[in-house]
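Architecture at a glance
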Amino acid sequence: MKTFEQLYTAWVDGALTTEEAAAFEKQHPELLKERDDLLKLKKLLQRNLVPLEFAHSDFFTSKLMEQIVPAERSLPSWFRIPRLAWGGIGSFAVALLLFLLFSPFHKFSAPPEYVAEVLKTTTTDPKIRATVDSEKGITLIKLDGVDNVPDEEDLTVSAANR
Amino acid sequence: MNFEGRTSVLSVGDRGFSESVEHDDIVLVRRCQKGDALAFEQLVIKYRSKVFSMIYGMVQNEQDAWDLAQEGFLKAWRSIHRFKGQASFYTWLYRIVTNVAIDSLRRKGFKKTAEFDDEIAASQVEPGSKTVPQPDPMPHQGLEREEIRQRIEHAISKLSPEHRAVIVMKEIEELQYNEIAEALGCSIGTVMSRLFYARKKLQTLLRDVYENL
């Protein structure tokens, strides 16, 4: 059974049948003036509360869709492959690169390049003893055990040309 | 009298949504449920003005209405998979955005004034009784339209979120009782009771305005 408020609301809104409305008005004749007031109120609201014009509606949609589909919207369709697939491809590419760089087979595939090259090796003569003295700004190197220079040796020729 | 209203063809005010419109919406929703954001964009374009208008009617602030409309549509997108087609998409969307607006009003700490509480039992309200206190007489000859609008908006701001919702949906959006009930997730009887008390409140606050028109 409908309450008084529900019947009253339906009556004001014209939602009652003719018979129902007549019965309600007969029961509550004092409400006719109030209904007129309410109808004026309805007219006031409908006339003055027109829906606000929605300015910049396209911008609204654009901002909304940026939140729904953030980065993918700016990419071409072929790039919109699921991220999981791209992650797998990327991981495989990194693993392959690491394998090629650090695999054991890679070491023997090309001849090694050395920065430095040993040209000549010598061993020290155990008979020769070298000492160094620094005194009064003069550095004196003494070599003991060096063989005497032969008398027939021509000292005027440089060592490079011998 | 059947309070249930029509069920096969939904109407918005005097403008009827044909069944083909509902069908178009369902097709777009099905595409949305498969992840098609472009389909959702079409729904946004279709309903953005109505949504914005409804929310603005409740919160009375353009910037807030903008933000809440964004929030409402986002929520609709995230829960689109839950739409079963038992109601029209518009009604389903309306429910989401209405809740967003009501929640916002509650978060902002709506202060209840001495308005009519629809929890009050019907027996406590005598038909025809002086439930509308007479306001102090105020001169309102020749009010400008903008002043009238401000008075109305101020009066609506005095309503609770639930009462604002029924007034906006009924008087501005011109929805039927059953559509309002679906949007608010309550019974038709509750909608009608809320309308009763909301209108009583507005009568008190705006009597001097509508009597001088």
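Residues numbered from 1 in each chain as written. Chains lettered and ligands numbered in written order. Predicted model: local features only at pLDDT ≥ 70, side-chain atom pairs only at ≥ 80, totals over all residues. Heavy atoms only, no water.

Evaluated as defined, the whole model comprises 22 aromatic pairs over all chains. An angle of 40° between the planes, with centres 5.7 Å apart, marks the rings of Phe-4 of chain A and Tyr-8 of chain A as tilted. Of the two residues, Phe-4 of chain A and Tyr-8 of chain A both sit in helix 1 (residues 4–12), 4 residues apart, roughly one turn of that helix. Accessibility assignment for this pair places Phe-4 of chain A and Tyr-8 of chain A in one class, buried. An aromatic cluster of at least three residues, connected via ring pairs, comprises Phe-54, Phe-59 and Phe-60 of chain A together with Phe-40, Phe-52, Tyr-56, Trp-66, Phe-73 and Trp-77 of chain B. Lys-170 of chain B extends its terminal NZ or CZ atom over the ring of Tyr-177 of chain B, reaching a point 4.7 Å from the ring centre. (Phe/Tyr/Trp six-rings, centres within 6.5 Å; stacked < 30°, edge-to-face > 60°. Helix = DSSP H or I, 4+ residues; strand = E, 2+ residues; numbered from the N terminus. Buried < 20%, exposed > 50% of the residue type's maximum accessible area, 1.4 Å probe, protein only. Lys NZ or Arg CZ within 6 Å of the ring centre and 35° of its normal.)

Time to look at the interface of chain A and chain B. Contacts between chain A and chain B engage 47 residues on the former and 53 residues on the latter. Together chain A and chain B conceal approximately 4600 Å² of surface at their shared face, both sides included; 67% is due to carbon and sulfur atoms. Between the two partners, chain A and chain B, sit 5 salt bridges. With a closest N to O distance of 3.1 Å, Asp-37 of chain A and Arg-207 of chain B form a salt bridge. Our count for the contact surface shared by chain A and chain B stands at 14 residue pairs in polar contact (both at pLDDT 80 or more). Those elements that provide at least two residues to the side of chain A that touches chain B are helix 1, helix 3 (32–48) and helix 4 (57–68) of chain A. (Contact = heavy atoms within 4.5 Å. Buried area = accessible area lost by both parts, 1.4 Å probe. Salt bridge = Lys/Arg side-chain N within 4 Å of Asp/Glu carboxyl O. Polar contact = N/O pair within 3.5 Å; in protein donor to acceptor, adjacent residues only side chain to side chain.)

Turning to the pairing of strand 1 (residues 129–135) of chain A, a few remarks are in order. Moving residue by residue along a regular strand, the side chains alternate between the two faces of the sheet. All names here are of chain A. Among the 7 residues of strand 1, 0 are classified as buried, and the element is accordingly described as predominantly exposed. Across 7 bridges, strand 1 lies against strand 2 (residues 138–144) in antiparallel orientation. Residue pairing in the sheet places Val-132 in a bridge with Ile-141 of strand 2. Between the antiparallel neighbours strand 1 and strand 2 lie 2 residues, among them Lys-136 with a positive phi of about 55°. (Pairing = 2+ DSSP bridges.)

Here the focus is the pattern of salt bridges. On inspection of all chains with the given rule, the structure shows 18 salt bridges over all chains. Put simply, Glu-25 of chain A and Arg-35 of chain A hold a salt bridge, and the shortest N to O gap is 3.4 Å. Here Arg-35 of chain A lies in helix 3 and Glu-25 of chain A lies in helix 2 (residues 18–27), a separation of 10 residues in the sequence. By relative accessible area, Glu-25 of chain A is classed as partly exposed at 25%. Linked by salt bridges that have partners in common, Asp-13 and Lys-42 of chain A together with Glu-171 and Arg-199 of chain B make up one network.

Attention shifts here to the side chain of Arg-48 of chain B. Along the chain, Arg-48 of chain B turns up in helix 2 (residues 37–59). Looking at Arg-48 of chain B, its side chain comes within polar contact range of the side chain of Thr-61 of chain A, at 2.6 Å. Sequence-distant contacts of Arg-48 of chain B, defined by excluding residues within four places in its chain, comprise Phe-54, Ser-57, Asp-58, Phe-60 and Thr-61 of chain A together with Phe-73 of chain B.

Without other data, these values stay purely geometric and don't point to any function.
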